[in-house]
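The lines below spell out each chain.
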Amino acid sequence: MLLHIVARGKIGRSPEADLERIPWPTKVTELPDRGGNLPATSSNSVAIVLDERGQALSSVDLAKKLETWRDAGKREARFLIGAADGHDAEQRESADLILSFGVATWPHLLVRAMLAEQLFRATSILANHPYHREG
């Protein structure tokens, strides 16, 4: 399953450069802070909107979600990171999951790095890799 991060804002050296550590296919699409079109999505994908009003998941719970989607044949998990104003109501309502990294408001560049790390942890958990330590 492709892990696709769609983020508002462009930067030179991306904080998710460590995605190369993830054994699953990954992709990053950057859009301008305002405007721009989301890449076309297939019907066999899931959309995860990152929003402070979403559900906080442990690394293990995120791994379980990815595993469920992968095993159901989903081809893409699309993680949407908004700009300073967040996401519009339509994006939140159509999401398969609204994911939160806590109630604090985080800079979108930091969220990108945090998401990359959580995706690495989740895929490590699913591979039974000793990287992730619980408790």
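See the structure above.
To start, this report covers the structure provided alongside it.

About the thresholds
- Residues numbered from 1 in each chain as written.
- Predicted model: local features only at pLDDT ≥ 70, side-chain atom pairs only at ≥ 80, totals over all residues.
- Heavy atoms only, no water.
- Core = buried A, V, L, I, M, F, W, Y, C linked by side-chain atoms within 4.5 Å.
- Buried < 20%, exposed > 50% of the residue type's maximum accessible area, 1.4 Å probe, protein only.
- Helix = DSSP H or I, 4+ residues; strand = E, 2+ residues; numbered from the N terminus.
- Contact = heavy atoms within 4.5 Å.
- Pairing = 2+ DSSP bridges.
- Salt bridge = Lys/Arg side-chain N within 4 Å of Asp/Glu carboxyl O.

1. Focus on the nonpolar core
Considering soluble globular proteins, one finds that nonpolar side chains tend to be buried as a cluster.
Turning to step 1, where the next piece is worked out: In this structure, Leu3, Ile48, Leu66, Ala77, Phe79 and Leu119 are the most contacted members of the largest nonpolar core, which totals 28 residues.
Turning to step 2, where the next piece is worked out: Here this core gets seven residues from one element, more than from any other, and that element is helix H3 (residues 108–126).
Turning to step 3, where the next piece is worked out: Not counting residues up to four positions away in its chain, the partners in contact with Leu119 are Leu3, Ile5, Ile22, Leu66 and Phe79.
Turning to step 4, where the next piece is worked out: Counting five residues, the second-largest nonpolar core is a separate cluster that includes Leu31, Val49, Leu80 and Ala95.

2. As for the pairing of strand E4 (residues 76–81)
Turning to step 1, where the next piece is worked out: Counting buried positions along E4 gives six out of six residues, so the element sits mostly inside the fold.
Turning to step 2, where the next piece is worked out: Residues of E4 alternate between two faces, with Glu76, Arg78 and Leu80 on one and Ala77, Phe79 and Ile81 on the opposite face, all of them buried.
Turning to step 3, where the next piece is worked out: Where strand E1 (residues 2–8) lies against E4, six bridges are found, and the strand directions are parallel. By the bridge assignment, Ala7 is partnered in E4 with Ile81.

3. Quick notes on the pattern of salt bridges
Turning to step 1, where the next piece is worked out: All told, the structure shown has five salt bridges when counted by the stated rule.
Turning to step 2, where the next piece is worked out: In this structure, the salt-bridge partner of Arg112 is Glu30, at a minimum N-O distance of 2.7 Å. Of this pair, Arg112 sits in helix H3 while Glu30 is found in strand E2 (residues 26–31), placing the two residues 82 residues apart along the sequence.
Turning to step 3, where the next piece is worked out: Assessed through its relative accessible area of 0%, Arg112 is described here as buried.
Turning to step 4, where the next piece is worked out: Across the pair Arg121 and Glu117 runs a salt bridge, and its minimum N-O distance is 3.1 Å. Note that Arg121 and Glu117 are positioned in helix H3 at a spacing of four residues, about one turn of the helix.
Turning to step 5, where the next piece is worked out: A relative accessible area of 23% places Arg121 in the partly exposed class.

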